[in-house]
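# Analysis of the macromolecular model
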Amino acid sequence: MDWRMMGLYIIAPGGIQCGMNLEQAQISAIKAARAAGDIIRAALDQTKKIDDKGATNNLVTETDRNAERTIVELLSRDCTDSDFMGEEGKYPDRGNRWLWVIDPLDGTTNFIKGLRWFSVSIGLWDREKALPVLGVVLHPTSGELFRASLGKGAWLDEADGQSRRLLVSQTTDWTGC
């Protein structure tokens, strides 16, 4: 898939080789998501500098850019063997096997309007196998963090520190629901 067709782009930076240790990569992604969440929460009730990315209702704020910059800085420090694709920045593709896919503020319009339904989304794509290997989604205002990794399942880490495994429903007939 050519991510540039989606208006997203790629970067490569320099820590550990996260591609060899998905558990460490997920820890790094959680750390980066939480740092971005701190930036977003701090800006929630502030006046926002808003730009239009060219398409109708395709808005970006300085908060989007700051959150993405923070995510890329933290992950590039921890994961030297990775490229990055962020929604807000254009980065060179260096052809690394591991590609971080980042939406630093998924739900910018809600954020602009003061609605508290938005998230920080970070995924890691294995280019060699052409499949996603982990994902982290943080809801900054509730503190809920959803995480999943290949072979380890999906989990919800709640704000109170409790974690629970997420399961797929066995329901096959949705009639009447």
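The structure we're discussing is the one just above.
In short, a report on the structure. For clarity, every value in this text was computed on a predicted model and none was experimentally measured. Residue indices follow the written sequence of each chain, beginning from 1 at its first position. Residue-level local features of this predicted model are given only where pLDDT is at least 70; pairs of side-chain atoms are given and counted only at 80 or more, and the full residue set underlies all totals for whole chains, interfaces and linings. Hydrogens and water are ignored here; the side-chain numbers use all heavy atoms of the structure.

### Structural notes on the overall build of the protein chain
On a plain count of helices and strands, the protein chain comes out with three helices and nine strands. A run of H or I in DSSP becomes a helix once it reaches four residues, and a run of E becomes a strand once it reaches two; helices and strands are each numbered from the N terminus. Ordered by position from the N terminus, the helices and strands of the protein chain form the series α-β-β-α-β-β-α-β-β-β-β-β. Working definition: with a 1.4 Å probe on protein chains only, accessible area under 20% of the residue-type maximum means buried, over 50% means exposed, and in between means partly exposed. Looking at the 177 residues of the protein chain, the share that counts as buried comes to 40%. Carbon together with sulfur atoms contributes 52% to the accessible area of the protein chain, which is approximately 9800 Å² in total. Only the protein chains shown count as cover for residues, and the accessible areas themselves come from Shrake-Rupley with a 1.4 Å probe.

### Here we look at the packing of aromatic side chains
Side-chain rings of Phe, Tyr and Trp (the six-membered ring for Trp) are treated as a pair once their centres are within 6.5 Å; stacked means planes under 30 degrees apart, edge-to-face means over 60, and tilted covers the remaining angles. What the rule picks out here adds up to one aromatic pair. Their ring planes at 90° and their centres at 5.6 Å tell us that Phe111 and Phe118 sit as a pair that is edge-to-face. Of the two residues, Phe111 and Phe118, both sit in the buried class.

### With respect to helix α1 (residues 22-43)
Under the convention used throughout, the expected extent of a helix is 1.5 Å for every residue step, that is, one less than its residue count. Here α1 spans 31 Å end to end across 22 residues, near enough to the 32 Å set by a 1.5 Å rise per residue. Among the residues making up α1, those that are buried are Ala25, Gln26, Ser28, Ala29, Ile30, Ala32, Ala33, Ala36, Gly37, Ile40 and Ala43. Elements that come into contact with the buried residues of α1 comprise α2 (62-78), β4 (98-106), α3 (108-113), β5 (119-126), β6 (131-138) and β7 (145-149). Contacts described as polar in this section are N or O atom pairs within 3.5 Å, which, within protein, must combine one atom able to donate a hydrogen with one able to accept it, while residues neighboring in sequence count only if both atoms come from side chains. You can read the cap of α1 off the contacts: a side-chain oxygen lies 3.2 Å from the backbone nitrogen of Glu23, and it is on Asn21. Contact criterion: two residues are considered in contact whenever any of their non-hydrogen atoms come within 4.5 Å of each other.

### Digging into α2
Between the first and last C-alpha of α2 there are 24 Å, a value that for 17 residues agrees with the 24 Å anticipated at 1.5 Å per step. By the burial criterion, the buried members of α2 are Thr63, Asp64, Ala67, Glu68, Thr70, Ile71, Val72, Leu74, Leu75, Ser76 and Asp78. Buried residues along α2 sit against α1, β2 (59-61), β3 (82-86), β4, α3 and β5.

### Section: the sheet that holds β7
Strand order in this open sheet of seven strands is β3-β4-β5-β6-β7-β8-β9, and the pairing throughout is mixed. If you trace the sheet from one side to the other, it starts and ends with β3 and β9 (163-166), each paired once. Direction aside, the axes of adjacent strands within the sheet are offset by 20° on average. In this scheme, strands are said to pair when DSSP sees at least two bridges between them. Where β6 meets β7, five bridges bridge the pair, whose relative direction is antiparallel. Bridge pairing in β7 places Gly135 opposite Ala148. Whenever a helix is involved, its axis is fitted only over the stretch in contact; in every case the axis is a line through C-alpha atoms, and angles between N-to-C directions fall within 0 to 180 degrees. Contacts from α2 reach β3, β4 and β5 within the one sheet, and its direction differs from that of β4 by about 150°.

### Quick notes on the packing of α1 against α2
Any two packed helices are characterised by the angle at which their axes cross and by the distance between the axes. Packing of α1 against α2 leaves a shortest axis separation of 9 Å and a crossing angle of 160°. Here α1 lies roughly antiparallel to α2, going by the angle between them. Taken as a pair, α1 and α2 cross one another with a handedness that is right-handed. Counting all contacts with α1, which are made through Ser28, Ala29, Lys31, Ala32, Ala35, Ala36, Ile39, Ile40 and Ala43, the residues of α2 involved are Thr63, Asn66, Ala67, Thr70, Ile71, Leu74, Leu75 and Asp78. Angular relationships are summarised with four words: roughly parallel below 35 degrees, roughly antiparallel beyond 145, roughly perpendicular across 65 to 115, and oblique for the angles in between. Here a crossing is called left-handed whenever its near helix is offset anticlockwise from the far helix by less than a right angle, and right-handed whenever the offset is clockwise.

### Concerning unusual backbone geometry
Its identity as a non-glycine residue notwithstanding, Ala130 has a phi of 55°, on the positive side. With respect to the element layout, Ala130 can be found in the loop between β5 and β6.

### Brief notes about the pattern of salt bridges
The salt bridge definition used is simple: a Lys or Arg side-chain nitrogen within 4 Å of an Asp or Glu carboxyl oxygen. Under the defined criterion, the tally for this structure stands at 10 salt bridges. Within the structure, one salt-bridge network assembled from shared partners comprises Asp83, Asp93 and Arg127.

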